[in-house]
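# A closer look at the structure
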Amino acid sequence: MKYIKIAAFVFMAVFATAATTHAQAMKSMKGMKGMSGMSMSSKVKTTTIKGEVVDLACYLSKGLHGKSHEQCARACIRGGLPVGILTKSGEVYLAIGANHKPANSMLLPYAAKQVDVTGNVERRGGVDIVAVSSVKPVSAK
Ligand SMILES: [Cu+2]
């Protein structure tokens, strides 16, 4: 009986998290037809992600990142290739700017460096994106 209670609690916790993410996704779909079920949240929830600023072209095709790749990352990001955030646990977020702008110029000064980016996070079609509204460097320890 005890285990059933724990399992139920874990399920509820996971479900609550999923529902929050779903509500965020629903918000951006406001106005689209054929969507029903979940209630729409009126507040956009922002998230802060800690990770390295990477150029996704080199990271996703060759695994290149970090200090040794800094110059290349700078050139790639400046050149307009997609930019992203690579977390310590290996998750990758495609970074876009807020208001349909690229995030490249915003993240260029932090190429291959650790940052905290704050923005709306969504996942669709197997791709995690963060619409960056602010970025700040994480001091190396
Ligand atoms: Cu590169």
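Residues numbered from 1 in each chain as written. Predicted model: local features only at pLDDT ≥ 70, side-chain atom pairs only at ≥ 80, totals over all residues.

### Digging into the overall build of the protein
Let me state the cut-off plainly: The numbering of helices and of strands both runs from the N terminus, where a helix is a DSSP run of H or I of at least 4 residues and a strand a run of E of at least 2. To sort residues by burial, count the other C-beta atoms lying within 10 Å of each one's C-beta; a count of 20 or more means buried, 12 or fewer means exposed, and anything in between means partly exposed. C-beta atoms are built from the backbone. The contact criterion used is a C-beta to C-beta distance within 7 Å, with each C-beta placed from the backbone.
Broken down by element type, the protein carries four helices and five strands. Starting at the N terminus and ending at the C terminus, the protein contains elements arranged as α-β-α-α-β-β-α-β-β. Going through the 141 residues of the protein one by one, you find that 23% of them count as buried. Of all intrachain contacts in the protein linking residues separated by at least 6 positions in sequence, the fraction that spans at least 24 positions is 59%.

### Considerations on the pairing of strand β2 (residues 83-86)
Strand residues, when the strand is regular, have side chains that alternate between the two faces of the sheet. In plain terms, the rule: Only when DSSP finds a minimum of two bridges between them are two strands counted as paired.
Of the two faces of β2, the one lined by V83 and I85 and the one lined by G84 and L86 are each fully buried. Two elements, strand β1 (residues 47-55) and β2, share four bridges in a ladder whose sense is antiparallel. By the bridge assignment for β2, D55 is matched with V83. The turn joining β2 and strand β3 (residues 92-97), which pair antiparallel and follow one another in sequence, is formed by five residues; a positive phi near 90° is taken by G90.

### Here's the deal with the sheet that holds β3
Condition: Only C-alpha atoms enter the line fits that serve as axes; for helices the fit covers just the stretch in contact. Angles between N-to-C directions range over 0 to 180 degrees.
Here we have five strands rolled up into a closed barrel, ordered β1-β2-β3-β5-β4, and mixed in their pairing. Neighbour-to-neighbour, the strand axes of this sheet turn through a mean angle of 55°, independent of strand direction. Taken together, the six bridges between β1 and strand β4 (residues 114-124) define a ladder with antiparallel strand orientation. Looking across to β4, one finds that I49 is bridged to V117.

### As for the pairing of β4
Across ten bridges, the pairing between β4 and strand β5 (residues 127-137) is antiparallel. For G119, the partnering residue across the bridge sits in β5 and is V132. In this structure, the hairpin formed by β4 and β5 is closed by a connection of two residues, where G125 is found at a positive phi of approximately 60°.

### Quick notes on helix α3 (residues 70-78)
The condition that has to hold: Directions pointing from the helix axis toward each C-beta atom define the arc.
Listed in full, the buried residues belonging to α3 are A73, C76 and I77. Buried residues along α3 cover an arc of 95° about the axis, so they all sit on one side. Tucked inside the fold, the buried residues of α3 contact β1, α2 (56-62), β2 and α4 (104-107). Looking one or two places after α3, you find G80, whose phi comes out positive at around 100°.

### Quick word on the nonpolar core
How we decide: To form a nonpolar core, buried Ala, Val, Leu, Ile, Met, Phe, Trp, Tyr and Cys residues must be joined through C-beta atoms within 7 Å.
One finds V53, A95 and L107 to be the most contacted residues of the largest nonpolar core, which totals 24 residues. Setting aside chain neighbours within four positions, we find V53 in contact with V83, I85, L107, Y110, A111, A112, K113 and V115.

### Brief notes about the environment of S133
Mapped onto the elements, S133 comes out in strand β5. Assessed through the 15 C-beta atoms surrounding it within 10 Å, S133 is described here as partly exposed. Put simply, S133 and M106 are 27 residues apart on the chain and 9.4 Å apart in space, counted from C-alpha to C-alpha. Once residues lying within four places of it in the same chain are set aside, the contact partners of S133 are T46, A98, T118 and G119.

### Looking at the confidence of the model for the protein
Quick note on the threshold: Values of pLDDT, which run from 0 to 100, indicate the predictor's confidence residue by residue.
Confidence in the prediction of the protein, expressed as mean pLDDT, is 81, and 67% of residues score 70 or more. Ignoring residues within four places in sequence, the model shows residues 25-43, a span with pLDDT below 50, making 16 contacts including any to other chains.

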